[in-house]
Amino acid sequence: MSKRSAEEENVCSFFLERKKRHCRMKKGEGMSFCPHHSHLGSDLNPQKGSRIPCPYDSSHFCYESKLQKHLKKCNARKKEEPEYFIENVNIDADNSSVNNKLSLKDVSDDELMTFIQKIRTLYSELHLVNNEIIKMHPLLKSEMDNSDDKLNNFKHMKQQASLLSIMDEFQFLKYGSCFVEFGAGRGQLMYWIVQCAEEREKKSFILIDKSAQRHKISRSKAILRNHFLD
């Protein structure tokens, strides 16, 4: 297990091998794991009993003693469909695409090589040229150059830098009065919009996401606290 900082002392002890870090959820009082991973340890709550996988969705757990209560409010439970709903109403039963699927293992080597050659011939005849130009906003470019986590953040920051550069080119950051981001996630893009926008005190910044996101970008919390809509 990796060495923890003082700020991490109250987090779950479960180590995520794929992410090479510990779970960031808070552990229960007097426990070593968070509620989601508590079934892996021996520090079970004697009053509530053991935790078991939810019958509707095995990716989350609930207390066995409260199973019936959980099943009534679980978001994964099957909900009653409205009267107007007809399953598969838009599928053409006579010409379903499902029946036309062809697996690669069912294609002979000769057929596959012929197909590849056709693609190469068409590509050479079309003379396709990639004119993609990725612009970079100077503020994010400086941040990317100084970032300690380039492997994980570079892709997202590169995309955000390009978007900001386009917005700046069309003077959206200068004259825009209200910025609305749908699917805001952790709020990273809006954070940089706030930083780049002129006279940001006179502008509105609204972030909308389908669900409440954990681990929002820490530097933007103070700025975006009153603007985030779950």
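As recorded by an unreviewed UniProt entry, the protein chain carries the name tRNA:m(4)X modification enzyme TRM13 and is attributed to Caerostris extrusa. The protein chain has a UniProt comment under Function (unreviewed entry) that states "tRNA methylase which 2'-O-methylates cytidine(4) in tRNA(Pro) and tRNA(Gly)(GCC), and adenosine(4) in tRNA(His)."

Another point: the overall build of the protein chain. Across its full length, the protein chain holds 7 helices and 7 strands. For the protein chain, long-range pairs separated by at least 24 residues make up 38% of all intrachain contacts whose partners lie at least 6 apart in sequence.

With that settled, consider the confidence of the model for the protein chain. For the protein chain, mean pLDDT is 76; residues scoring 70 or higher make up 76% of the total. Here strand 7 (residues 228-229) stands out as the least confident element of the protein chain, with mean pLDDT 42; helix 2 (residues 109-126) is the most confident, with 91.

The final tally for this structure, using the stated rule, is 3 salt bridges. A salt bridge links E169 to K135, with the nearest nitrogen and oxygen atoms 2.4 Å apart. Here K135 lies in the loop between helix 2 and helix 3 (138-145) and E169 lies in helix 4 (residues 150-169), a separation of 34 residues in the sequence. You can call K135 partly exposed: its relative accessible area is 33%.

Our next topic: the packing of aromatic side chains. Using the criterion set out here, one finds 3 aromatic pairs in the structure. With a centroid separation of 5.5 Å and an interplanar angle of 5 degrees, the aromatic rings of F179 and F205 are classed as stacked. Taken as a pair, F179 in strand 5 (residues 178-182) and F205 in strand 6 (residues 204-208) lie far apart in primary sequence, 26 residues in all. Measuring from centroid to centroid gives 5.0 Å for Y191 and W192, while their planes differ by 75 degrees, and the two rings are edge-to-face. Looking at Y191, the relative accessible area reads 9%, which means it is buried.

Residues given the UniProt feature "domain: CHHC U11-48K-type" (unreviewed entry) here are residues 51-78. Between the end C-alpha atoms of residues 51-78 there is a gap of 22 Å, over a span that is 25% helix and 21% strand.

Moving on, we get to helix 6 (residues 188-196). Of all 9 residues making up helix 6, 7 are buried, and the element is well covered by its neighbours. When we look at burial in helix 6, the residues that qualify are L189, M190, Y191, W192, I193, V194 and C196.

The next subject is the environment of K141. Structurally, K141 is set in helix 3. Sequence spacing of K141 and A161 is 20 residues, and the spatial spacing of their C-alpha atoms is 7.0 Å.

Here the focus is the pairing of strand 6. Burial of strand 6 is one-sided: the residues F205 and L207 facing one way are buried, the residues S204, I206 and I208 facing the other way are not. Relative to strand 6, strand 5 runs parallel, the two being bridged by 5 bridges. What sits directly across from F182, in strand 6, is I208. Handedness of the crossover is the feature at issue here: the chain leaves strand 5, passes through helix 6, returns alongside strand 6, and the resulting connection is right-handed.

Turning to a negative patch on the surface, a few remarks are in order. Among the surface-exposed residues, E80, E81, E83 and E87 lie close enough to one another that they form a single negatively charged patch. Looking at where E80 falls in the secondary structure, it is placed in the loop between helix 1 (67-73) and helix 2. E80 gets classed as exposed once you look at its relative accessible area, which sits at 79%.

What counts and what doesn't
- Counting restarts for each chain: residues are numbered from 1 in the order of the written sequence.
- Only residues with pLDDT of at least 70 are given local features in this predicted model, and only at 80 or more are side-chain atom pairs given and counted; all residues enter the totals for whole chains, interfaces and linings.
- With hydrogens and water excluded, all non-hydrogen atoms of the structure serve as input to the side-chain values.
- UniProt positions are given in the numbering used here, feature names are shortened, and annotations may be inferred rather than shown by experiment.
- Each helix is a run of DSSP H or I of at least 4 residues and each strand a run of E of at least 2, with the numbering of both proceeding from the N terminus.
- In what follows, residue pairs with any heavy atoms lying within 4.5 Å of each other are defined as contacts.
- Residue-level confidence of the predictor, termed pLDDT, takes values from 0 up to 100.
- When a carboxyl oxygen of Asp or Glu is within 4 Å of a side-chain nitrogen of Lys or Arg, the pair counts as a salt bridge.
- When a residue's accessible area, from a 1.4 Å probe over protein chains only, is under 20% of the maximum for its type it is buried; when over 50% it is exposed; and in between it is partly exposed.
- The pairing test for Phe, Tyr and Trp rings, Trp by its six-membered ring, is centres within 6.5 Å, and the orientation test on the planes gives stacked under 30 degrees, edge-to-face over 60, and tilted for anything in between.
- Any two strands are treated as partners once DSSP identifies two or more bridges connecting them.
- With the strands pointing away from the viewer, any crossover whose connection runs clockwise from the first strand over the helix to the second is right-handed.
- Patch members must show over 30% relative accessible area and no salt bridge, and they are joined within 9 Å when carrying like charges or within 5 Å when they are nonpolar side chains of Val, Leu, Ile, Met, Phe, Trp or Tyr.
- To measure how exposed things are, a 1.4 Å probe is used in the Shrake-Rupley method; for residues, cover is taken only from the protein chains shown.
- Under this rule, positive means Lys or Arg and negative means Asp or Glu; His and the chain ends count for nothing.
- The atom standing in for a charge is NZ when the residue is Lys, CZ when it is Arg, CG when it is Asp and CD when it is Glu.

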